[in-house]
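# Report on the structure
These are the residues of each chain, in order.
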Amino acid sequence: MAIEVSGLSVDIGGRPIVSDVAMGVADGERVGLVGSSGSGKSMIAKALLGLLPRQASASGSARLGGTEVIGADETTLAGLRGRYVGVVFQNPGSSLNPVLSVGRQIELPLKLHYDLDAGDRHERVMAMMRKVGLDASLAGRYPHELSGGQQQRVGIATALITSPRLIIADEPTTALDSITQRQIVDLLVSLVDGAGASMLFITHDFSVLARATSRCYVLDRGRIVDSGQTAGLLASPQVAQSRRLVEAARKLTLGGPDMETL
Ligand SMILES: Nc1ncnc2c1ncn2[C@@H]1O[C@H](COP(=O)(O)OP(=O)(O)O)[C@@H](O)[C@H]1O
Ligand SMILES: [Mg+2]
């Protein structure tokens, strides 16, 4: 499912947070949104999902699969979220419901959006757990009993169980160590591609971005300041803000796995 954003601005209490953003993700494409912390990445994701803070005001246009979401009513938004649009958050430890077992967690969006009997739902949950690399024996466990990587696998399974056409992943690997980051990114990419879905992948880390996307936008203080092929931006960033992010990514990986394979 495509994303088409034009002239998107978000203000909070008269303070501009996102300014005149234009960006697009084609059907089946994986696109990155990268920018330093506080640049407005999550605010854009929230605008796309209709989850802006109450005191925020948004203007401009954002279409998900042709449906305008800026100013849309809750019925329209609720119809998109979970069913057609899956969301993976930064911190699975806090975005998962602590009182729901892994199996119930993954099952919930199916209960909300589809009319299936319990046996059918159980089968789908088990199949999804296999796909994300979670052993069936973990179905009865609770989030706090899992490692960070396992928690994010649950997050991904929960986002993908309804076969959404678009995944919005907001820093899905930031809370994880670098080896787990790679595994989780590779898992997301293979599931998204396997489903023929599209993905907006948000991060402040260029080294992760290159694994997840072929094209990206660079955000700085609420504005898009650069865009292009991720590999090109990584190899020879022309814009100062992109150069800074690339240098930060290089420092992070210094002495670690080589940059060429990123
Ligand atoms: N609920 C809120 N109320 C007021 N300001 C906010 C709120 N949430 C975020 N902001 C501000 O909006 C800016 C962008 O935040 P955010 O989109 O979370 O950045 P990023 O995800 O790129 O780190 C920041 O300056 C942040 O302080
Ligand atoms: Mg954020």
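Above this text sits the structure in question.
Residues numbered from 1 in each chain as written. Chains lettered and ligands numbered in written order. Predicted model: local features only at pLDDT ≥ 70, side-chain atom pairs only at ≥ 80, totals over all residues. Heavy atoms only, no water.

### Points about the site of ligand 1
- Near ligand 1 you find 13 residues, and of these Arg 15, Gly 38, Lys 41, Ser 42 and Met 43 are the closest.
- Here Gly 40 contributes a backbone N or O atom positioned 3.0 Å from an oxygen atom of ligand 1.
- The separation between an oxygen atom of ligand 1 and a polar main-chain atom of Met 43 is 2.9 Å.
- Computed on the free molecule, ligand 1 has an accessible area of 560 Å², of which 67% lies beneath the protein chains in the complex.
- If you list the elements that add at least two residues to the shell around ligand 1, you get strand E2 (15-25) and helix H1 (41-49).
- If one sorts the elements of the shell around ligand 1 by residue count, H1 sits on top with 3 residues.
- For the shell around ligand 1, the residue count by class is 4 nonpolar, 7 polar and 2 charged. (Near = heavy atom within 4 Å. Polar contact = N/O pair within 3.5 Å; in protein donor to acceptor, adjacent residues only side chain to side chain. Areas by Shrake-Rupley, 256 points an atom, 1.4 Å probe, with all protein chains shown as cover. Helix = DSSP H or I, 4+ residues; strand = E, 2+ residues; numbered from the N terminus. Nonpolar A, V, L, I, M, F, W, Y, C, P; charged D, E, K, R; others polar.)

### Observations concerning unusual backbone geometry
- In this structure, Asp 20 is a non-glycine residue whose phi angle is positive, near 50 degrees.
- In this structure, Asp 20 sits in strand E2.
- Its identity as a non-glycine residue notwithstanding, Ser 163 has a phi of 55 degrees, on the positive side.
- Topologically, Ser 163 is positioned in the loop between helix H6 (148-160) and strand E7 (166-170).

### Details of the pattern of salt bridges
- Taken as a whole and assessed by the stated rule, the structure comprises 9 salt bridges.
- The partner of Glu 171 in a salt bridge is Lys 41, and the shortest N-O contact between them spans 3.7 Å. Of this pair, Glu 171 sits in the loop between E7 and helix H7 (178-195) while Lys 41 sits in helix H1; the two residues are 130 residues apart in sequence, bridging distant segments of the chain. Summarising the burial analysis for this pair, Glu 171 and Lys 41 share the class buried.
- Two residues, Arg 121 and Glu 107, come together in a salt bridge whose shortest N-O distance is 2.8 Å. One end of the pair, Arg 121, is in helix H5 (residues 118-131); the other, Glu 107, is in helix H4 (residues 102-113), with 14 residues separating them in the sequence. The same class applies to Arg 121 and to Glu 107, which are both buried.
- Through salt bridges with shared partners, a single ionic network connects Arg 104, Glu 107 and Arg 121. (Salt bridge = Lys/Arg side-chain N within 4 Å of Asp/Glu carboxyl O. Buried < 20%, exposed > 50% of the residue type's maximum accessible area, 1.4 Å probe, protein only.)

### Some remarks on the side chain of Asp 205
- Position of Asp 205 relative to the elements: it lies in the loop between strand E8 (198-203) and helix H8 (206-212).
- In this structure the side chain of Asp 205 is engaged in a polar contact, spanning 2.6 Å, whose partner is the side chain of Ser 207.
- Residues contacting Asp 205, with those up to four places away along its chain left out, are Val 34, Gln 181, Ala 249 and Leu 252. (Contact = heavy atoms within 4.5 Å.)

### Quick look at the nonpolar core
- In this structure, Ile 106, Met 129, Ile 156, Phe 201 and Phe 206 are the most contacted members of the largest nonpolar core, which totals 46 residues.
- Per-element tally for this core: the top contributor is H7, with 7 residues.
- Looking at this core, you find at least three residues from each of domain 1 (3-84 + 166-261) and domain 2 (95-163).
- Excluding its chain neighbours within four sequence positions, the residues that come into contact with Ile 156 are Val 88, Val 132, Ile 184, Leu 187, Leu 188 and Leu 191. (Core = buried A, V, L, I, M, F, W, Y, C linked by side-chain atoms within 4.5 Å. Domains from an automatic or database assignment.)

### Remarks on the sheet that holds strand E10 (residues 223-229)
- The strand order across the open sheet formed by 6 strands is E6-E7-E8-E3-E9-E10, and the pairing between neighbours is mixed. The open sheet has two free edges, formed respectively by strand E6 (85-88) and E10, since each of these has just one partner strand. The average undirected angle you get between the axes of adjacent strands in this sheet is 15 degrees.
- Note: E6 against E7, 4 bridges, orientation parallel. In the sheet register, Val 87 faces E7, and the bridge partner there is Ile 168.
- Most of the contacts of H6 go to E6, to which it runs at about 170 degrees, and overall it touches E6 and E7. (Pairing = 2+ DSSP bridges. Axes fitted to C-alpha atoms, helices over the stretch in contact; angles between N-to-C directions.)

### Considering the environment of Gln 55
- Positionally, Gln 55 belongs in the loop between H1 and strand E4 (56-64).
- Since its relative accessible area comes to 55%, Gln 55 is described here as exposed.
- It is 17 Å that separates the C-alpha atoms of Gln 55 and Gly 222, two residues lying 167 residues apart in sequence.
- Not counting the four nearest positions on each side in its chain, Gln 55 is found in contact with Asp 11, Ile 12 and Gly 13.

### Quick word on the pairing of strand E9 (residues 215-220)
- Extensive coverage of E9 is indicated by the burial of 6 of its 6 residues.
- Here E9 shows a buried face lined by Arg 215, Tyr 217 and Leu 219 and a second buried face lined by Cys 216, Val 218 and Asp 220.
- In this structure, strand E3 (residues 30-34) lies alongside E9, joined through 4 bridges in parallel fashion. The residue of E9 that forms the bridge with Gly 32 is Cys 216.
- Alignment of E9 against E10, held across 6 bridges, turns out to be antiparallel. Within the sheet, the bridge partner assigned to Leu 219 lies in E10 and is Ile 224.
- Between E9 and E10, which pair antiparallel and follow one another directly, the connecting turn spans 2 residues, one of which, Arg 221, has a positive phi of 45 degrees.

None of this, on its own, says anything about what the molecule does.
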